[in-house]
Amino acid sequence: MLEVGESAGASAAGQSYLAQIRSSNGLPPLTADPTLEQAALHQAGYMARSGRMAHTTGWGKDFVSRMRADGVRGAAAENVAFGDMDPPEVFSRWMGSSGHRRNMLDPAFSRFGLAYVREADNPRRRYWALVLAG
């Protein structure tokens, strides 16, 4: 059984980190978006159930298909992570990765959704998903 925990409010927790990251790079903050948070929660849940980090799903949905199914239109990107991490650490790790960093600093994006689902066997470990869109 998956424990969703406080993931429903993860976007609120991540907003200040993203604002600081973008501000220090001369970019405006992103707005938390419930549709994007729901898309992130879907992927975090899939990853926790399957026990692996991925941008696809086991039932053949790639990133673009998932975004369309979740009502996300236009350009979008996704960062995923797994581990015993809280928001400061997950954002720090994403900033240390060129692709994840590029997603968070893309000036075309104005909205985001952040979610995680805890691993069933070890609730300290979380599967994280961040969805960004214009």
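You'll find the structure just up there.
Predicted model, so just to flag it, every value in this text is computed and none were measured.

### Section: the overall build of the protein
Stage number 1. Looking only at helices and strands, one finds five helices and four strands in the protein.
Stage number 2. Ordered by position from the N terminus, the helices and strands of the protein form the series α-β-α-α-β-α-α-β-β.
Stage number 3. Counting over 134 residues, the protein shows a buried share of 44%.
Stage number 4. Here the protein displays about 6500 Å² of accessible surface, and carbon together with sulfur accounts for 52% of that area.

### Considering the pairing of strand β2 (residues 76-83)
Stage number 1. Burial runs high along β2: six of the eight residues are buried.
Stage number 2. Across eight bridges, β2 lies against strand β4 (residues 126-133) in antiparallel orientation. Bridge pairing links V80 to A129 in β4.

### Side note on helix α2 (residues 34-50)
Stage number 1. The end-to-end C-alpha separation of α2 is 24 Å, in line with the 24 Å expected for 17 residues at 1.5 Å each.
Stage number 2. Buried residues belonging to α2 abut α1 (10-23), α3 (63-69), β2, β3 (111-118) and β4.
Stage number 3. Between the side-chain oxygen at the start of α2 and the backbone nitrogen of T35 there is a gap of 2.8 Å, and the oxygen is on D33.
Stage number 4. Just downstream of α2, G51 is the residue with a positive phi angle, here 75°.

### Quick word on the nonpolar core
Stage number 1. Membership of the largest hydrophobic core comes to 21 residues, with the highest contact counts inside it found for F91, W94, M104, L114, W128 and L130.
Stage number 2. Broken down by secondary-structure element, the contributors of at least two residues to this core are α1, β2, α4 (87-95), β3 and β4.
Stage number 3. If you tally residues by element for this core, the top one is α4, at four residues.
Stage number 4. Apart from residues no more than four positions distant in its own chain, W128 is found in contact with M47, N79, V80, A81, M85, D86, P87, V90, W94, L114, A115 and Y116.

### Description of the packing of α1 against α4
Stage number 1. The interhelical angle for the contact between α1 and α4, taken along N-to-C directions, is 35°, at an axis separation of 10 Å. Between α1 and α4 lies a crossing whose hand is right-handed. Contact residues: A13, G14, Y17, L18 and I21 in α1; P87, P88, F91 and M95 in α4.
Stage number 2. Taken together, the residues that form the contact of α1 with α4 break down as eight nonpolar, one polar and no charged.

Rules used in this analysis
Residues numbered from 1 in each chain as written. Predicted model: local features only at pLDDT ≥ 70, side-chain atom pairs only at ≥ 80, totals over all residues. Heavy atoms only, no water. Helix = DSSP H or I, 4+ residues; strand = E, 2+ residues; numbered from the N terminus. Buried < 20%, exposed > 50% of the residue type's maximum accessible area, 1.4 Å probe, protein only. Areas by Shrake-Rupley, 256 points an atom, 1.4 Å probe, with all protein chains shown as cover. Pairing = 2+ DSSP bridges. Expected span 1.5 Å × (residues − 1). Contact = heavy atoms within 4.5 Å. Polar contact = N/O pair within 3.5 Å; in protein donor to acceptor, adjacent residues only side chain to side chain. Core = buried A, V, L, I, M, F, W, Y, C linked by side-chain atoms within 4.5 Å. Axes fitted to C-alpha atoms, helices over the stretch in contact; angles between N-to-C directions. Left-handed = near helix turned anticlockwise from the far one by under 90°. Nonpolar A, V, L, I, M, F, W, Y, C, P; charged D, E, K, R; others polar.

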